[in-house]
Amino acid sequence: MCGVFGITNHKDAANLTYLGLYALQHRGQESAGIATIASGQMYSEREMGHVADVFTQERLSRLPGYSAIGHVRYSTTGGSMLCNAQPIVALTSKGPVALAHNGNLVNGSDLRQQLEAEGAIFNSMSDTEAIVHLIARSRERDVERALIEALGQCRGAYSAIVLTPGRIFAARDTWGFRPLVLGRLGQSLVVSSETCAFDLIGADCIREVRPGEVVALEADGLRQVHQFPSERQARCIFEHVYFARPDSEIFGNNVAETRERFGAQLAREHPVDADVVIPVPDSGVFAAIGYARESKIPFEFGLVRNHYVGRTFIEPKQTIRNFGVKVKLNPVRKIIEGKRVVLIDDSIVRGTTSKKIVRMLKQFGAKEVHMRISSPPTTGSCYYGIDTPQRRDLIAGSQSVEDIRQFIEADSLGYLSEEGMLNAVRNGDDPHQLYCTACFSGKYPVVREETQATTEVGTE
Ligand code: SF4
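None of these values were measured; they are calculated from a predicted model.

**Student:** Would you explain the overall build of the protein in this entry?
**Tutor:** Of the regular secondary structure elements, the protein holds 16 helices and 23 strands. Its C-alpha radius of gyration of 23 Å places the protein within 12% of the 23 Å reference for a compact globule of 460 residues. Oriented by its inertia axes, the alpha-carbon framework of the protein measures out at about 70 × 45 × 45 Å. In the protein, which comprises 460 residues, the share counted as buried stands at 58%. Partitioning the intrachain contacts of the protein with sequence separation of at least 6 by distance along the chain shows that 68% fall at a separation of at least 24. For the protein, the accessible surface area stands at approximately 19000 Å², while carbon and sulfur atoms represent 48% of it.

Encoded structure:
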């Protein structure tokens, strides 16, 4: 759960990277960082917190140069500490290198143990640092070949950008788990996790970095450096369900439109007699629009979200605590009261939040609450860079749909089928060959190589 952004050949490289990261803030709220290069010297600023809080004008002015990369991070297993913030900067025998990474290497712990056994000293808990060590220790003389050699040893998910003197490299794993797109802004080339960052700075999207491809963004254009063979792709379907911004184009599909198609398919699979369709904001909104359009039941914003609640919200006093979900979401009584409500959410993780929302709607006068989920039951963890709990903590990991319905106290519950979800992202090719659905289907495209679950792999 991270976002990366990079730009070459622009006098305002650091400022534009700041804006790019601002657009990618939803991909990680724990830390933000930017690295630039000027006259062969690397500069970097990293801090815990949101992009707008980390980067003051004064801080941005300490980042000279015409090329920059940036990173926003969210992590649980790598630890919420400044040492894990990116980009990671290193002075190597091949020159200075800064690296920012979105994804999760399934052999990250193995690589780390092997490097440590050979004397490498790590400054962070993150598996991203292993890639930097592999570049630094490569026998190849130039950084380009060292990077290819390093990436050849990485298994799992990476969408990585690497800042070096004269160019930025952009690389995507052979499965294409995480998105990575290339764009142009005047004479500058840009790279980003999502196209919404291009929209903000006025850049045009050129194309995706292809699965297994390594490209160089240089002053005189884009150059393909290497193409690792890619037998089967495994784009993360959950980017469409929840993670990416609705105004982005991901894997050739607009996210908002895809979510509407999920909602429409959900209405066909699980129709119900009701008076109003309401989303759990924000990620349920477009699926709810799709459900409402298909079912011809009116769409309303029946829950209002407080956008100012951060992860650090502390309930003020023991005696008045237990505001729970009410701090984040509040029903609109006029819309809910006396109505049979279809409530649309993107997924159910532990079930506790859904239960609170259903109860709250009933307290505000809803006659019936029919919960509809715009993805299949989440039955397994993700090892490729999304922070999902262990299977034992996922309610659908051990309980049937009827058990879950009873637990959340809904009048009915329906999930989108895997086939329905895949059909909604079809754009010519067979989606079974293009997408990862492992957290829903249990079909993991790459297995973790470490002793299963004894070593946690850092989530980026
Ligand atoms: Fe995405 Fe789920 Fe696959 Fe992880 S396991 S990459 S969240 S579809």
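Resuming the write-up.
**Student:** I tried to follow helix H12 (residues 352-363) on my own but got confused; where do I start?
**Tutor:** Since the α-helix packs 3.6 residues into each turn, any two residues three or four apart lie on the same face. The terminal C-alpha atoms of H12, which comprises twelve residues, lie 17 Å apart, in line with the 16 Å expected from a rise of 1.5 Å per residue. Looking only at H12, the buried set comprises Ser 354, Lys 355, Ile 357, Val 358, Met 360 and Leu 361. Two residues or fewer after H12 comes Gly 365, characterised by a positive phi angle close to 100 degrees.

**Student:** Would you explain helix H6 (residues 143-151) in this entry?
**Tutor:** Among the nine residues of H6, seven are classified as buried, and the element is accordingly described as predominantly covered. Residues Val 143, Glu 144, Ala 146, Leu 147, Ile 148, Ala 150 and Leu 151 constitute the buried set of H6. At its buried positions, H6 is contacted by strand S6 (95-105), helix H5 (128-137), strand S7 (156-164), strand S8 (167-172), strand S12 (213-218) and strand S13 (221-227). The backbone nitrogen of Glu 144 has a side-chain oxygen 3.2 Å away, supplied by the residue at the start of H6, namely Asp 142.

**Student:** Could you clarify how one ought to interpret the site of the ligand in this entry?
**Tutor:** Around the ligand, the structure places Phe 177, Arg 178, Cys 236, Ile 237, Phe 238, Cys 382, Tyr 384, Ile 386, Cys 436, Ala 438 and Cys 439. For the shell around the ligand, the secondary structure elements donating two or more residues are helix H8 (237-243) and helix H16 (438-441). Looking at the shell around the ligand residue by residue, the class counts come to ten nonpolar, no polar and one charged.

**Student:** Looking at this model, I keep getting lost on the packing of helix H9 (residues 255-269) against helix H10 (residues 285-295). Mind explaining?
**Tutor:** The relative placement of two packed helices comes down to the angle between their axes together with the axis-to-axis distance. Running from N to C, H9 and H10 point in directions that differ by 45 degrees, and their axes come no closer than 6 Å. Considering the angle they form, H9 stands oblique to H10. Helix-helix and strand crossings are classified by hand; for H9 and H10 the assignment is right-handed. Between H9, through Ala 256, Arg 259, Glu 260, Gly 263, Ala 264, Leu 266, Ala 267 and Arg 268, and H10, the contact on the second element is made entirely by Phe 286, Ala 287, Ile 289, Gly 290, Tyr 291, Arg 293, Glu 294 and Ser 295. Among the residues forming the contact of H9 with H10, the class breakdown is eight nonpolar, three polar and five charged.

**Student:** Whenever I open this one, the nonpolar core confuses me. Can you help?
**Tutor:** Nonpolar side chains in soluble globular proteins tend to be buried together. Ranked by size, the top nonpolar core spans 44 residues in total, and within it Phe 177, Val 277, Tyr 291, Val 342, Ile 344 and Tyr 384 carry the most contacts. When residues of this core are traced back to their parent elements, those giving at least two are H8, H9, H10, strand S20 (340-345), helix H15 (418-424), strand S23 (435-436) and H16. Among all residues touching Ile 344, those that are not within four sequence positions of it are Leu 266, Val 277, Ile 278, Pro 279, Val 280, Gly 284, Ala 287, Ala 288, Tyr 291 and Arg 372. Within the second largest apolar cluster, 29 residues are counted, among which are Ile 88, Ala 90, Leu 115 and Ala 171.

**Student:** Sorry if this is basic, but what is going on with the sheet that holds S12 here?
**Tutor:** Note on sheets: strands pair through backbone hydrogen bonds, and any given pair is parallel or antiparallel. The strand order across the open sheet built from six strands is S5-S6-S7-S8-S12-S13, with neighbouring strands paired in antiparallel fashion. Looking along the sheet, the strands with just one partner apiece sit at the ends: strand S5 (88-92) and S13. Taking the axes of each pair of neighbouring strands and ignoring which way they run, one obtains an average angle of 20 degrees across the sheet. Where S8 lies against S12, four bridges are found, and the strand directions are antiparallel. Pairing of Ala 170 across the sheet is with Val 215, part of S12. Across the sheet, H5 is in contact with S5 and S6; its angle to S6 comes to roughly 140 degrees. In the packing of H6 onto the sheet, the strands contacted are S6, S7, S8, S12 and S13, and the crossing angle to S8 comes to about 15 degrees.

**Student:** Sorry, what's going on with the environment of Gln 86 here?
**Tutor:** Inspection of the secondary structure assignment puts Gln 86 in the loop between strand S4 (67-73) and S5. Considered as a pair, Gln 86 and Thr 128 are 42 residues apart in the sequence and their alpha carbons are 8.8 Å apart. A distance of 2.8 Å separates a polar side-chain atom of Gln 86 from the backbone nitrogen of His 101.

**Student:** Help me understand the pairing of S4, please; the structure alone is not making it clear to me.
**Tutor:** Side chains on a regular strand alternate between the two faces of the sheet. Judged by how many residues are buried, S4 sits mostly within the fold: seven of seven residues are covered. Residues Ser 67, Ile 69, His 71 and Arg 73 point to one face of S4 and Ala 68, Gly 70 and Val 72 to the other, with burial holding for every one of them. Of the pairings in the sheet, the one linking strand S2 (residues 31-38) to S4 comprises seven bridges and is antiparallel in character. For Gly 33, the partnering residue across the bridge sits in S4 and is His 71.

**Student:** Would you mind showing me how to read a nonpolar patch on the surface here?
**Tutor:** On the surface, Leu 19, Tyr 22 and Leu 200 cluster together into a nonpolar patch covering about 270 Å² of accessible area. Relative to the assigned elements, Tyr 22 resides in helix H1 (residues 13-23).

**Student:** Is there a simple way to explain the environment of Asn 306 in this structure?
**Tutor:** Along the chain, Asn 306 falls in the loop between strand S18 (303-305) and strand S19 (329-331). Residue Asn 306 is classed as partly exposed on the basis of its relative accessible area of 33%. Not counting residues up to four positions away in its chain, the partners in contact with Asn 306 are Val 327 and Lys 328.

**Student:** Sorry, what's going on with the sheet that holds strand S22 (residues 412-415) here?
**Tutor:** In spatial order, the strands read S17-S20-S21-S22; together these four strands make up an open sheet with parallel pairing. What marks the edges here is a single partner per strand, and that holds for strand S17 (276-279) and S22. Across the sheet, the axes of successive neighbouring strands diverge by a mean angle of 20 degrees, strand direction being ignored. Contacts from H9 reach S20, strand S21 (368-373) and S22 within the one sheet, and its direction differs from that of S22 by about 125 degrees. Here H12 sits on the sheet in contact with S17, S20 and S21, set at roughly 150 degrees to S21.

Calculation criteria
- Residues numbered from 1 in each chain as written.
- Predicted model: local features only at pLDDT ≥ 70, side-chain atom pairs only at ≥ 80, totals over all residues.
- Heavy atoms only, no water.
- Helix = DSSP H or I, 4+ residues; strand = E, 2+ residues; numbered from the N terminus.
- Rg over C-alpha atoms; globule rule 2.2 N^0.38 Å.
- Buried < 20%, exposed > 50% of the residue type's maximum accessible area, 1.4 Å probe, protein only.
- Contact = heavy atoms within 4.5 Å.
- Areas by Shrake-Rupley, 256 points an atom, 1.4 Å probe, with all protein chains shown as cover.
- Expected span 1.5 Å × (residues − 1).
- Polar contact = N/O pair within 3.5 Å; in protein donor to acceptor, adjacent residues only side chain to side chain.
- Near = heavy atom within 4 Å.
- Nonpolar A, V, L, I, M, F, W, Y, C, P; charged D, E, K, R; others polar.
- Axes fitted to C-alpha atoms, helices over the stretch in contact; angles between N-to-C directions.
- Parallel < 35°, antiparallel > 145°, perpendicular 65-115°, else oblique.
- Left-handed = near helix turned anticlockwise from the far one by under 90°.
- Core = buried A, V, L, I, M, F, W, Y, C linked by side-chain atoms within 4.5 Å.
- Pairing = 2+ DSSP bridges.
- Patch = residues over 30% accessible without salt bridge, like charges linked within 9 Å, V, L, I, M, F, W, Y side chains within 5 Å.
- Salt bridge = Lys/Arg side-chain N within 4 Å of Asp/Glu carboxyl O.

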